[in-house]
Amino acid sequence: MVFADPGEALARARALLDAGPPPWHASVAHQVIGIWQRDFGDLRLALRHLRRARDLAARADSAEREADVLATLGVALVHAGRTRQGLAAFDRGVARGSGHTRARVLYRRAYVWWVLGRHREALEDVRRAVPVLRQADDVIWTARALTLRATVHLALGAVERADADFTAAEALWDTTGQEHDKADAVESRGLAAYRRGDIPAALRLLDEAEERYAKLGTPTFMLSIRRCEVLMAAGLAPEALAEADAASAELDGLGGQSTRKAELLLVAARAARLADDPHTAMARAAVAVRLFAGQRRAWWATHARLVLIEARAATGRRSGRLVADAAAVAGRLAAFGSPAAPEASLLAGRIALALGRTAEAERHLAVAARSRHGGPPLARMTGWAAQALRARAAGSGRGVLEACRRGLDVLDDHRMTLGAAELRARATAQGAELAALAQAAALASGGPRRLLVWSERWRATVLSAPPTRPPADPALLCGLTAFREIAARAEEARQEGHPVPALEREQRRLEREIRSRTLRLRGQAPGGGDRFGADRLLARLGTDRLVELAVLDGRVQVLLCGEGRVRRFEAGRLADAVTEAEHVQAGLRRLAHPGAAARLPLVEAAGRRLEELLLGPAARQLGSGPLVVVPPGSLHRVPWALLPSLRERVVSVSPSASSWLRARETEPPPESRQVLVRGPGLATGGAEVPELAGRYAAPTVLEDGDAHVARVLRELDGAALAHIAAHGTFRADSPLFSSLTMADGPLIVHDFERLARSPYRIILSCCDTARFASVGADELLGLVTALLPLGTAGVVACSAPVNDEAVVPLMLALHKGLGAGLSLAEALRDARAAVPGDATHQATGWAFSAFGAA
């Protein structure tokens, strides 16, 4: 019962002891309490009860009872880090037991071998146990043994064998009432899905397992470890680090298993390394190595040493000793049969290359490159990265590009299985090294067109395929409605100066629930994305110009496209440009307030410096026609209209040349329907909306109580033009919860994803609507980038705080241009020239940008 209904089992065991039972019965009761404390509570108490259970079994003169208790005690001792004592208890248990009891002891020793990373011994004990358990028709213990064997197969990379065992075990569990074991089976299926590379399925199954455990009231430390693995594979390393640290603190508070403590430290170290925090990674990994060594867990200690070496290399350390350490770890991992062995060989080869040891590097990289032909996606990408480095060391630019192409194809196929835009964006980080190698090889070949193709290969890839729209999930819709209500009440309380912590906690809980459901979305079949073609771009541009800014070795490379050719210019350092852009943003914030006109010359001077850093000599080659700017993600907040050579011209911004092409080729809806929305609490009351309502023949106007999210979404779907005057809130911590404030609460990015087709043109007239979070390789997450793949061809939005009153004349002038048949970019250029020339109005005009091509 302890794994069917843990709480009830614990209560009954205590009640039995209170009744003064004979030794045999008391031994069982103490064993049950020991199991409960071992797995769900204080390990020290567990050992006390299990030793008592062993002594009582001896008093009862029952060899079978004593063998069973010794096996339970052996597991607890190993989890306490007393490996030698634990294995000795198993030796006595195997000797004391016979037949069916010995098979159960062997199963539990196999579990301990798995904990210790000794997988061959684990498989041997399971092989001996399963036939006896089946012959005894012991359904529960047979299912446990099959589940364990599947888990060992996963550790060795044998996913198909694991699937077969999991399927057989699940069929057995369905005939039992073992609720905790059933939850564990669901968790294990989530692990198998992760090892297959199916991230959405893994997240869904782990969430289901967590719900099952919650009903039983049991801690979930192993589940946390496995979910951290999946989160890291999904590009969510900071979240994995936070979860691992939180679980570790909870385990310490309970006095729980030291084996789990070491595993949590290892997963935290890996997460910190992936989150670009090598010092935290080194600290966590060093403690994990010590714990694993003390627990005699060589398999685990070797994996922790790999993370420690990776973290040291990430801090810039390069030495022959580090190469030797990485090579030794690679050899040990290969001997263990670990799927992580190629990562260690790649690391050794990469460090050796940095030291100029080409022959040694080739030896290690050749070993790592073997993984490119099989296994899960990330393992194959490791192999292709090694192959690309081999080709670069051999001086073969063609070989580098071929390996990078093949590796990024693997990433694309993996990315297309992900339905959530956030996961697609974050997954691109896993191809950053391949993309950088390819761009460097393309630059070395001297061909600007080739560099453009490779710059596009990993830029804004989230927008390269149609989005996966959320299903009509009642739970998701209910969660969105509840979130909106709670968020509105929490904001109202904050504005009144009396925030309610309970409301804010509930808002965060609902955010987690909504995000969890969207991350489970499955994507389309592989191969569903567009492929960029330079000829197609140049044909579409005609005499217009497109400037794509690529970054290589920290410097901005300007790729000027137009008139049938691509030219390359070198500009300044990216880091300097990012710093200057932040100064400009600070200046625009100041200019949004009256009395700051003296800062205008400073902002204009910063604009001149930005132009030199970002465009360099290309600024004099732009011609006079319309210009499309494609910046890297780190420059998404540059107010391009502030640059001197761009102030008087038509400029639009796009996350990639591919997304601009798609926007250019997007057809407007057959009905020319306009929607004007005015949200609450604006300083001007959205003063432009009533006047705009009189300019259009029969617009839909939503304001006051009519501007509810459900009604707004219904009207926006398929509109030709939407103008939304509403407070914008950008969430850097969770960009897809960035919002526009409606009458009944926030309209978030997740809401827009439910539209069948977002408006062809959208004007967002308030602050921060064009702010993004830069994630993955070079991806942007935010309101604008969510709209572009949904059918929106053009957006006007603002990247800085602006003066609300100065916005009104700018918006009226913008719509005047649209009424005359101009594009958004053309109308915005003319609107800037039409408003008053004081500092506040100029800064307001610079803060707005046109995105897309409509």
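Throughout, a residue's number is its position along its own chain's written sequence, starting from 1. In keeping with the predicted nature of the model, local features appear solely for residues at pLDDT of at least 70, side-chain atom pairs appear and are counted solely at 80 or more, and the whole-chain, interface and lining totals rest on all residues. Each side-chain value is worked out from all heavy atoms of the structure, with water and hydrogens disregarded.

1. Topic: helix H18 (residues 341-354)
Next up, step 1: Taking 1.5 Å as the rise per residue, H18 with 14 residues should run 20 Å; its terminal C-alpha atoms sit 20 Å apart, in good agreement.
Next up, step 2: In this scheme, a residue with accessible area under 20% of its type's maximum is buried, one over 50% is exposed, and one in between is partly exposed, where area comes from a 1.4 Å probe on protein chains only. We count a stretch as a helix when DSSP gives it H or I for four or more residues in a row; a strand needs E for two or more, and each element gets its number in order from the N terminus. Within H18, 10 of the 14 residues are buried, leaving the element largely enclosed by the surrounding structure.
Next up, step 3: Of the residues making up H18, those classed as buried are Ala341, Pro342, Ala344, Ser345, Leu346, Leu347, Ala348, Gly349, Ile351 and Ala352.
Next up, step 4: Once H18 finishes, glycine 356 follows within two positions and takes phi at roughly 80 degrees, a positive value. In a helix, the anticipated span is given by 1.5 Å times the number of residues less one.

2. Thoughts on the sheet that holds strand E10 (residues 739-742)
Next up, step 1: Strands were regarded as paired on the criterion that DSSP finds at least two bridges between them. Pairing is antiparallel in the open sheet, where 3 strands are placed in the order E9-E10-E11. This sheet does not close on itself; its edge strands, each paired only once, are strand E9 (728-729) and strand E11 (745-748).
Next up, step 2: Examined bridge by bridge, E10 and E11 share 4 bridges and lie antiparallel to one another. Opposite leucine 740, over in E11, you have leucine 747 as the bridge partner.
Next up, step 3: Sitting on the sheet, helix H32 (residues 709-716) is in contact with E10 and E11, with an inclination near 30 degrees to E11. Contact between two residues is taken to exist if any of their heavy atoms lie within 4.5 Å; hydrogens are not considered. Here the axes come from fitting lines to C-alpha atoms, over the contacting stretch only for helices, and the angles between their N-to-C directions go from 0 to 180 degrees.

3. A short note on the environment of arginine 317
Next up, step 1: Secondary-structure assignment places arginine 317 in the loop between helix H16 (298-314) and helix H17 (320-336).
Next up, step 2: Accessibility expressed as a relative area gives 45% for arginine 317, which makes it partly exposed.
Next up, step 3: Arginine 317 sits 34 residues away from isoleucine 351 along the chain, and the two C-alpha atoms are 8.9 Å apart.
Next up, step 4: When near neighbours in sequence (up to four residues on either side) are disregarded, arginine 317 contacts Met282, Arg312 and Leu322.

4. Considerations on the pairing of strand E16 (residues 848-852)
A regular strand places its side chains on the two faces of the sheet in alternate fashion.
Next up, step 1: Summarising burial for E16: 5 of the 5 residues are buried, a large majority.
Next up, step 2: Taken together, the 5 bridges between strand E15 (residues 794-798) and E16 define a ladder with antiparallel strand orientation. Looking across to E16, one finds that valine 796 is bridged to alanine 850.

5. Describing the packing of H17 against H18
Next up, step 1: Orientation of H17 relative to H18, taken along the N-to-C sense of each, is 160 degrees, at an axis distance of 8 Å. Relative to H18, the element H17 is oriented roughly antiparallel. The handedness of the crossing between H17 and H18 comes out as left-handed. Of the residues in H18, those in contact with Leu322, Val323, Ala326, Ala327, Val329, Ala330, Leu333 and Ala334 of H17 are Ala341, Ala344, Ser345, Leu347, Ala348, Ile351 and Ala352.
Next up, step 2: Class assignment of the residues belonging to the contact of H17 with H18 gives a composition of 14 nonpolar, 1 polar and no charged. Angles are sorted into four bins: roughly parallel if under 35 degrees, roughly antiparallel if over 145, roughly perpendicular if 65 to 115, and oblique for all others. We call a crossing left-handed when the near helix sits turned anticlockwise from the far one by less than a right angle, and right-handed when that turn is clockwise. We call Asp, Glu, Lys and Arg charged. Ala, Val, Leu, Ile, Met, Phe, Trp, Tyr, Cys and Pro are nonpolar, and the rest, Gly among them, are polar.

6. Thoughts on helix H27 (residues 534-541)
Next up, step 1: The complete set of buried residues in H27 reads Ala534, Leu537, Leu538 and Leu541. Here the buried residues of H27 occupy an arc of 95 degrees about the axis, which is enough to place them on one side. Facing away from the buried side of H27 by more than 90 degrees, the exposed set consists of Asp535 and Ala539.
Next up, step 2: Residues of H27 that are buried in the fold lie against helix H24 (448-457), strand E1 (545-552), strand E2 (555-562), strand E3 (565-573) and helix H30 (657-664).
Next up, step 3: A positive backbone phi angle near 60 degrees is found at glycine 542, which sits one or two residues after H27. Comment: arc refers to directions from the helix axis out to C-beta atoms.

7. What about unusual backbone geometry?
With the exception of glycine, the majority of residues adopt a negative phi angle, and the majority of peptide bonds are in the trans configuration.
Next up, step 1: One non-glycine residue, aspartate 276, lies in positive phi territory at about 60 degrees.
Next up, step 2: By the element assignment, aspartate 276 lies in the loop between helix H14 (258-274) and helix H15 (278-294).
Next up, step 3: Look at glutamate 563: it is not a glycine, yet its phi comes out positive at around 55 degrees.

8. So, the layout of surface pockets
Next up, step 1: Grid points spaced at 1 Å and placed over the protein atoms alone form the basis of the search, with a cavity being a set where a 1.4 Å probe fits but cannot get out and a pocket an open set showing protein on both sides within 12 Å along at least five of seven lines. Lining residues have an atom within 4 Å of a point. Grid points are joined across faces, edges and corners, and a volume is the space filled by probe spheres set on the points. Considering only enclosed or pocket space, the second largest pocket measures out at about 1,200 Å³ in volume.
Next up, step 2: When contributions to the lining of the second largest pocket are tallied by element, the ones reaching two or more residues are helix H2 (23-40), helix H4 (63-79), helix H6 (99-116), helix H8 (139-155), helix H10 (179-196), helix H12 (221-233) and helix H13 (237-254).
Next up, step 3: At 7 residues, H2 tops the list of elements feeding residues into the lining of the second largest pocket.
Next up, step 4: Taken together, the residues that form the lining of the second largest pocket break down as 23 nonpolar, 12 polar and 13 charged.

9. A word on the packing of helix H29 (residues 600-614) against helix H37 (residues 839-847)
Next up, step 1: Put simply, H29 and H37 touch, their axes get as near as 11 Å, and they point 30 degrees apart. In terms of orientation, H29 lies roughly parallel with respect to H37. As for how H29 packs across H37, the hand of that crossing is left-handed. Residues Leu600, Val603 and Glu604 of H29 lie in contact with H37, whose contacting residues are Ala839, Gln842 and Trp846.

10. Overview of the packing of aromatic side chains
Next up, step 1: In summary, the pairing rule links any two rings of Phe, Tyr or Trp, Trp by its six-membered ring, whose centres are within 6.5 Å, and it sorts them by plane angle into stacked for under 30 degrees, edge-to-face for over 60 and tilted for everything else. For the coordinates displayed, the defined rule picks out 6 aromatic pairs.
Next up, step 2: Their ring planes at 90 degrees and their centres at 5.6 Å tell us that tyrosine 107 and tryptophan 141 sit as a pair that is edge-to-face. In this pair, tyrosine 107 is assigned in helix H6 and tryptophan 141 in helix H8, connecting sequence segments 34 residues apart.
Next up, step 3: The exposure class assigned to tyrosine 107 is buried, which follows from its relative accessible area of 12%.
Next up, step 4: Between tyrosine 111 and tryptophan 114, the aromatic rings sit 5.9 Å apart at their centres with planes inclined by 45 degrees, giving tilted as the arrangement. Of the two residues, tyrosine 111 and tryptophan 114 are both situated in helix H6; the distance of 3 residues between them amounts to about one turn of the helix.

11. Regarding the environment of glycine 623
Next up, step 1: Along the chain, glycine 623 falls in the loop between H29 and strand E4 (627-630).
Next up, step 2: Between the C-alpha atom of glycine 623 and that of glycine 562, which follows or precedes it by 61 residues, the distance is 9.7 Å.
Next up, step 3: In contact with glycine 623, not counting residues within four places along its chain, are Arg545 and Arg649.

12. Some details on the side chain of glutamate 611
Next up, step 1: Within the secondary structure, glutamate 611 is located in helix H29.
Next up, step 2: Put simply, glutamate 611 is tucked away with no salt bridge, and the nearest opposite charge, on arginine 620, sits 6.6 Å away.
Next up, step 3: In this structure, glutamate 611 is in contact with Gly616, Ala619, Leu643, Pro644 and Ser645, ignoring residues within four places of it in sequence. None of His or the chain ends enter the tally, which takes Lys and Arg as positive and Asp and Glu as negative. Each salt bridge in this description consists of a side-chain nitrogen of Lys or Arg and a carboxyl oxygen of Asp or Glu lying within 4 Å of one another.

13. Here we look at the nonpolar core
Next up, step 1: We define a nonpolar core as any set of buried Ala, Val, Leu, Ile, Met, Phe, Trp, Tyr and Cys residues linked to one another through side-chain atoms lying within 4.5 Å. In terms of nonpolar packing, the biggest core is built from 91 residues, with Leu549, Trp640, Leu740, Met742 and Phe848 touching the most fellow members.
Next up, step 2: When near neighbours in sequence (up to four residues on either side) are disregarded, methionine 742 contacts Val677, Pro680, Ala707, Val709, Val712, Ile724, Ala726 and Leu747.
Next up, step 3: Formed by 59 residues, the second largest nonpolar core is a distinct cluster that contains Leu333, Ala348, Ile351 and Leu559.

14. Quick look at the environment of leucine 266
Next up, step 1: Relative to the helices and strands, leucine 266 resides in helix H14.
Next up, step 2: Given the relative accessible area of 7%, leucine 266 is considered buried.
Next up, step 3: Residues leucine 266 and alanine 596 lie 330 residues apart in sequence; the distance between their C-alpha atoms is 52 Å.
Next up, step 4: Those residues in contact with leucine 266 that sit more than four places away from it in its chain are Ala288, Phe292, Trp300, His303, Ala304 and Val307.

15. Things to note about the pairing of E1
Next up, step 1: Across the 8 residues of E1, 7 count as buried, placing the element largely inside the fold.
Next up, step 2: Pairing of E1 with E2 involves 7 bridges; the strand directions are antiparallel. Bridge pairing in E2 links valine 547 to leucine 560.
Next up, step 3: Counted between consecutive antiparallel strands, the loop separating E1 from E2 contains 2 residues, among which aspartate 553 sits at a positive phi close to 50 degrees.

16. Notes on the pattern of salt bridges
Next up, step 1: Scanning the model with the defined rule gives 56 salt bridges in all.
Next up, step 2: A salt bridge links arginine 357 to glutamate 360; the nearest nitrogen and oxygen atoms lie 3.4 Å apart.
Next up, step 3: If you follow the salt bridges from partner to partner, you end up with Glu402, Arg405, Arg406, Asp409 and Arg457 in one network.

17. Some words on the side chain of serine 658
Next up, step 1: Within the secondary structure, serine 658 sits in helix H30.
Next up, step 2: In this structure serine 658 comes out as buried when scored by relative accessible area, which is 18%.
Next up, step 3: At 2.7 Å, the side chain of serine 658 and the side chain of glutamate 456 are in polar contact.
Next up, step 4: Once residues within four sequence positions are removed from consideration, serine 658 is found in contact with Glu456 and Phe532. Polar contact is the term for a pair of N or O atoms within 3.5 Å; when the atoms are in protein, one must be able to donate a hydrogen and the other to accept it, and sequence-neighboring residues count only if both atoms are side-chain atoms.

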